[in-house]
Amino acid sequence: MKYFKIYNLFAFLLAGVLLFSCDKEYVDPTSATDAQILGSADGLTALAVGIQRRWSVGRQSPVYTTITGSGFTTFGLRLINPGNQAENGVALGGGDVDGDNGIVSNLWEQSLLTRNEAQLILDNIGVVGDEGTRAGLTAYASIFKALVNGTLVQFFDQAPIATGENAEFSNRAALMSDALSTLESARTTLASTTVPASFYAKVPNTIDLENTVNALLARFYLQNGDNTQAITAADRVDLSVMSVFGYDEVNTNPIAFVSILTNNVYQPVDLTLGLPVSIQPDPADERLAFYFQDLAPAGNDFRAAGFFDDNTASIPVYLPGEMLLIKAEAYARNNQLTEAVNELDAVLTKTAGTDAFGVGANLAAYAGPNDQSSILTEIYRNRCMELYMSGLRLEDTKRFGRAGAGETNEERNRNLYPYPNSERDNNTNTPSNPTI
């Protein structure tokens, strides 16, 4: 599998050029010019490689900040060293999360940078002469642009849709609409054009474009309340195909490198996943052994396994089980309970050997009450288990109506994050912060 080596030097030069915020553009006069980067297929390809690196590598990356932020905010992680101030802040929650918090500011800033660079590819795609390469770059940039908008709405009340001085903020509906339309356009492009092998030879070839576009469509349609479209998109995903953020010895898995292997930042909380007693995992659930290194460690010193116990371990962009649970939830919300239980059972009875990533519960089929509320609760419990440390649980707690911050038996210590001071100091349109 190819990772990030081919265009590392070009990508680092690129970082000096493309230092965008919502109101400023910083240009390093010693690096490549905008015209050199944006005026050729090779330049745009190098920019695409840099985008994936920005999104997925390092402690500042959205991969790190979404998994870490969501994990602490929903009580799924335990802090080992409170000297890690940003992680400590999101672990405490409430008013201890402020605009100077590093998790919050990195999530915001790196997401906006990622989206801006993706938009530069889309805005300059006409310079690419080969139709197949043009389609590949379009889909690649569209995936990351949509990931940004679909991620920001999970953590923030509003966000700018476009880069600009004193950029206006848009609400969740507008951001989700932009993410979905971007992905639908990419899907149309891929359906009519074959992406050549030469394109995949120049980019990290760990992301399957067609399946990832459909998987993100399913995720974001579900989060947007369009259940029928979510089912349709999930049905288009080939569950045998793996699409991942790949890592190597230089560009390491950020969760493993920063936290899990050092055992100095955080680890999983314990086998309860931080969930209320009524929805904690079945002790026989084999997904526990997948996500935890030891199910009975001395002193309850639980440590993560799964996708996070090796510096070069890949992190899935989505899991096959997510697609099944998307369909289960969407059917349940449409009150198609038989279909919902069928999809839920496909997750419950799935074994490690039948899952592309080896994530299998190997449990009995659902035998609970046949009503919408009970089935949705079981789906939520399985999302917490199947998608553990995926960064999706904060959004899930809100969509499933779980007890919010400040409520009795709260299942999250904040509902939304404050806007970073780095944004507020440079953009007079920044809204007031949510209370929690």
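Residues numbered from 1 in each chain as written. Predicted model: local features only at pLDDT ≥ 70, side-chain atom pairs only at ≥ 80, totals over all residues. Heavy atoms only, no water.

1. Re the overall build of the chain
Part 1 of the argument: On a plain count of helices and strands, the chain comes out with 18 helices and 8 strands.
Part 2 of the argument: For a compact globule of 436 residues, the expected C-alpha radius of gyration is about 22 Å, and the chain comes in at 21 Å, within 12% of that figure.
Part 3 of the argument: Each principal axis of the C-alpha atoms in the chain carries an extent, and together these give about 60 × 45 × 40 Å.
Part 4 of the argument: Relative to its full complement of 436 residues, the chain shows a buried share of 57%.
Part 5 of the argument: Within the structure as shown, the chain displays about 16200 Å² of accessible surface, and the carbon and sulfur contribution to it stands at 49%.
Part 6 of the argument: Here the chain contributes 29 positively and 50 negatively charged side chains, and the mean placements of these two sets differ by 0 Å. (Helix = DSSP H or I, 4+ residues; strand = E, 2+ residues; numbered from the N terminus. Rg over C-alpha atoms; globule rule 2.2 N^0.38 Å. Buried < 20%, exposed > 50% of the residue type's maximum accessible area, 1.4 Å probe, protein only. Areas by Shrake-Rupley, 256 points an atom, 1.4 Å probe, with all protein chains shown as cover. Lys, Arg positive; Asp, Glu negative; His and termini not counted. Charge placed at Lys NZ, Arg CZ, Asp CG, Glu CD.)

2. Overview of the environment of isoleucine 80
Part 1 of the argument: By the secondary structure assignment, isoleucine 80 is in the loop between β3 (77-79) and α5 (85-92).
Part 2 of the argument: On the accessibility criterion, isoleucine 80 (30% relative accessible area) is partly exposed.
Part 3 of the argument: Not counting chain neighbours up to four residues away, the residues in contact with isoleucine 80 comprise Asn263, Asn264, Val265, Tyr266 and Gln267. (Contact = heavy atoms within 4.5 Å.)

3. Observations concerning helix α6 (residues 102-123)
Part 1 of the argument: The end-to-end C-alpha separation of α6 is 31 Å, in line with the 32 Å expected for 22 residues at 1.5 Å each.
Part 2 of the argument: Most of α6 sits inside the fold, with 16 of its 22 residues counted as buried.
Part 3 of the argument: Looking at where α6 begins, the residue whose side-chain oxygen comes 2.8 Å from the main-chain nitrogen of isoleucine 103 is asparagine 101. (Expected span 1.5 Å × (residues − 1). Polar contact = N/O pair within 3.5 Å; in protein donor to acceptor, adjacent residues only side chain to side chain.)

4. A word on helix α11 (residues 227-235)
Part 1 of the argument: Those residues of α11 lying buried are Asn227, Ala230, Ile231, Ala233 and Ala234. Buried residues of α11 fall within an arc of 165 degrees about the axis and therefore sit on the same side.
Part 2 of the argument: Each element contacted by the buried residues of α11 is listed here: α10 (209-223) and α14 (320-333). (Arc of directions from axis to C-beta.)

5. Thoughts on the environment of leucine 122
Part 1 of the argument: Residue position: leucine 122 is located in helix α6.
Part 2 of the argument: Sequence separation between leucine 122 and asparagine 409 is 287 residues; the distance between their C-alpha atoms is 45 Å.
Part 3 of the argument: Beyond its immediate chain neighbours, meaning those up to four positions away, leucine 122 contacts Thr138, Ala141, Ser142 and Lys145.

6. Describing unusual backbone geometry
Part 1 of the argument: Even without being a glycine, asparagine 166 presents a positive backbone phi close to 50 degrees.
Part 2 of the argument: Along the polypeptide, asparagine 166 turns up in the loop between β4 (159-160) and β5 (169-170).
Part 3 of the argument: Phi angles above zero are rare outside glycine, and asparagine 263 is one such case at about 55 degrees.
Part 4 of the argument: Note on placement: asparagine 263 falls in the loop between α12 (254-260) and β7 (266-268).

7. So, the packing of aromatic side chains
Part 1 of the argument: Taken as a whole, this structure holds 22 aromatic pairs when the rule is applied.
Part 2 of the argument: Ring centres of tyrosine 64 and tyrosine 266 lie 6.3 Å apart, and the angle between their planes is 40 degrees; this geometry places the pair in the tilted category. Remark: tyrosine 266 occurs in strand β7 and tyrosine 64 occurs in helix α4 (residues 62-73); sequence separation between them is 202 residues.
Part 3 of the argument: Overall, the relative accessible area of 0% leaves tyrosine 64 in the buried class. (Phe/Tyr/Trp six-rings, centres within 6.5 Å; stacked < 30°, edge-to-face > 60°.)

8. Things to note about the pattern of salt bridges
Part 1 of the argument: Under the defined criterion, the tally for this structure stands at 21 salt bridges.
Part 2 of the argument: The shortest N-O distance in the salt bridge between lysine 327 and glutamate 343 comes to 3.7 Å. Linking lysine 327 in helix α14 with glutamate 343 in helix α15 (residues 337-348), this pair joins segments that are 16 residues apart in sequence. The same class applies to lysine 327 and to glutamate 343, which are both buried. (Salt bridge = Lys/Arg side-chain N within 4 Å of Asp/Glu carboxyl O.)

9. A closer look at the packing of α10 against α11
Part 1 of the argument: Relative to each other, α10 and α11 sit at 160 degrees, their axes nearing to 8 Å. In terms of their interaxial angle, α10 and α11 are classed as roughly antiparallel. Both α10 and α11 take part in a crossing whose hand is left-handed. Where α10 approaches α11, its residues Asn214, Leu217, Ala218, Tyr221 and Leu222 are matched on the opposing element by Asn227, Gln229, Ala230, Ala233 and Ala234. (Axes fitted to C-alpha atoms, helices over the stretch in contact; angles between N-to-C directions. Parallel < 35°, antiparallel > 145°, perpendicular 65-115°, else oblique. Left-handed = near helix turned anticlockwise from the far one by under 90°.)

10. Some words on the confidence of the model for the chain
Part 1 of the argument: Of all residues in the chain, 92% have pLDDT values of 70 or greater, and the mean over the chain is 93.
Part 2 of the argument: Long-range and interchain partners of residues 1-30, a stretch whose pLDDT sits below 50, account for 82 contacts in this model, where long-range means more than four residues apart. (pLDDT = per-residue confidence, 0-100.)

11. Brief notes about the packing of α4 against α5
Packed helices, taken two at a time, are described by the angle their axes make and the gap between the axes.
Part 1 of the argument: Between α4 and α5, the shortest axis-to-axis distance is 7 Å and the interhelical angle comes to 40 degrees. If you check the angle between α4 and α5, you find them oblique. As for the relative orientation of α4 and α5, their crossing is right-handed in sense. Contacts between α4 and α5 involve Tyr64, Thr68, Phe72 and Thr73 from the former and Glu87, Val90 and Ala91 from the latter.

12. A look at the side chain of threonine 74
Part 1 of the argument: Within the secondary structure, threonine 74 is located in the loop between α4 and β3.
Part 2 of the argument: Residue contacts for threonine 74: discarding those within four places in its chain leaves Gly274, Arg393, Leu394, Thr397, Glu411 and Arg412.

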